[in-house]
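Close look at the chain arrangement
The residues making up each chain are set out below.
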Amino acid sequence: MSVDTVPRKADAEYAIEYLQEHPEAGLCCEDLRWWITPNANETDQQVLLLDVVEAERLKDDPRVRPVSGIAHAGRSLWVVRRMT
């Protein structure tokens with residue numbers, strides 16, 4: 001059985017690095033709570049937590065894009081843009 005780890009606090013710079021290194025990850029927001037999930041298809045998991053200021057910086061970064069139509073009502077999701 002694996003031991004769950006507690007998500008740690010991160011700044012926008014570290015979070016974008018994580019997102020770029022883990023293309024399946026995503027930035028989530030719900031009720032003013034912001035976190036990085038390791039899998040954008042399962043947004044309940046949290047590996048990094050961000051405060052509102054850092055999350056807004058990350059959300060506005062041109063390297064990420066919003067995802068529409070996710071399964072959780074009231075939750076928003078951003079992922080790294082695919083560069084061609």
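For the structure itself, consult the block above.
All values derive from a computational prediction rather than experimental measurement. (Residues numbered from 1 in each chain as written. Predicted model: local features only at pLDDT ≥ 70, side-chain atom pairs only at ≥ 80, totals over all residues. Heavy atoms only, no water.)

**Thoughts on the layout of surface pockets**
Just so we agree on the cut-off: Cavities and pockets are defined on a 1 Å grid built over the protein atoms alone: a cavity is a set of grid points where a 1.4 Å probe fits but cannot escape, while a pocket is an open set with protein on both sides within 12 Å along at least five of seven lines, and lining residues are those with an atom within 4 Å of any such point. Grid points are joined across faces, edges and corners, and a volume is the space filled by probe spheres set on the points. Following the grouping adopted for this structure description, the nonpolar residues are Ala, Val, Leu, Ile, Met, Phe, Trp, Tyr, Cys and Pro, the charged ones are Asp, Glu, Lys and Arg, and the polar ones are all others, Gly among them.
Space inside the largest pocket adds up to approximately 250 Å³. Lining of the largest pocket is provided by 16 residues; of these, Ala-40, Asn-41, Val-67, Leu-77 and Val-79 occupy positions nearest its centre. For the lining of the largest pocket, the class distribution of residues is 9 nonpolar, 3 polar and 4 charged.

**Some points on the state of the cysteines**
What counts is decided by this rule: Throughout, a disulfide means two cysteine sulfur atoms within 2.5 Å of one another.
Per the counting criterion, the structure on display carries 0 disulfides. With no disulfide of its own, Cys-28 has Cys-29 as its nearest cysteine by sulfur position, at a separation of 8.8 Å.

**Some thoughts on the sheet that holds strand 5 (residues 64-67)**
Let me state the cut-off plainly: Note on pairing: two strands pair once DSSP finds at least 2 bridges between them. Numbered from the N terminus, helices here are DSSP runs of H or I no shorter than four residues, and strands are runs of E no shorter than two. Working rule for contacts: check all heavy atoms of both residues, and any pair within 4.5 Å makes them a contact. In this analysis, axes come from line fits to C-alpha atoms, helices being fitted only over the stretch in contact, and the angle between any two N-to-C directions falls in the range 0 to 180 degrees.
Taking strand neighbours across the sheet as the criterion, the 6 strands line up as 1-4-3-2-6-5 in an open arrangement whose pairing is mixed. Only two strands of the sheet have a single neighbouring strand rather than two, namely strand 1 (8-9) and strand 5. With 3 bridges joining them, strand 3 (residues 33-37) and strand 4 (residues 48-50) adopt antiparallel strand pairing. The residue bridging Trp-35 from the neighbouring strand is Leu-49, located in strand 4. This element, helix 2 (residues 52-59), spans strand 2 (26-30), strand 3, strand 4, strand 5 and strand 6 (75-80) of the sheet and lies at about 55 degrees to strand 3.

**A word on helix 2**
Note the threshold: Residue burial is assigned from relative accessible area. The probe radius is 1.4 Å, only protein chains are included, and a residue is buried under 20% of its type maximum, exposed over 50%, and partly exposed in between. Taking the helix axis as origin, the arc is that swept by the directions to the C-beta atoms.
Glu-54, Ala-55 and Leu-58 are the residues of helix 2 that are buried. Down the axis of helix 2, the smallest arc covering the buried residues is 100 degrees, so these residues share one side. Where helix 2 is buried, its residues meet helix 1 (12-21), strand 2, strand 3, strand 4 and strand 5.

**A closer look at the nonpolar core**
Filter applied, for reference: Nonpolar core, defined: a set of buried Ala, Val, Leu, Ile, Met, Phe, Trp, Tyr and Cys residues in which side-chain atoms within 4.5 Å join the residues together.
Leu-19, Leu-27, Trp-34, Ile-36, Leu-50, Leu-58 and Trp-78 are the most contacted members of the largest nonpolar core, which totals 18 residues. Of all the elements in the fold, those that place two or more residues in this core are helix 1, strand 2, strand 3, strand 4, helix 2 and strand 6. Looking at which element gives the most residues to this core, the answer is helix 1, with 5 residues. With 5 residues, the next largest nonpolar core counts Cys-28, Ala-40, Leu-77 and Val-79 among its residues.

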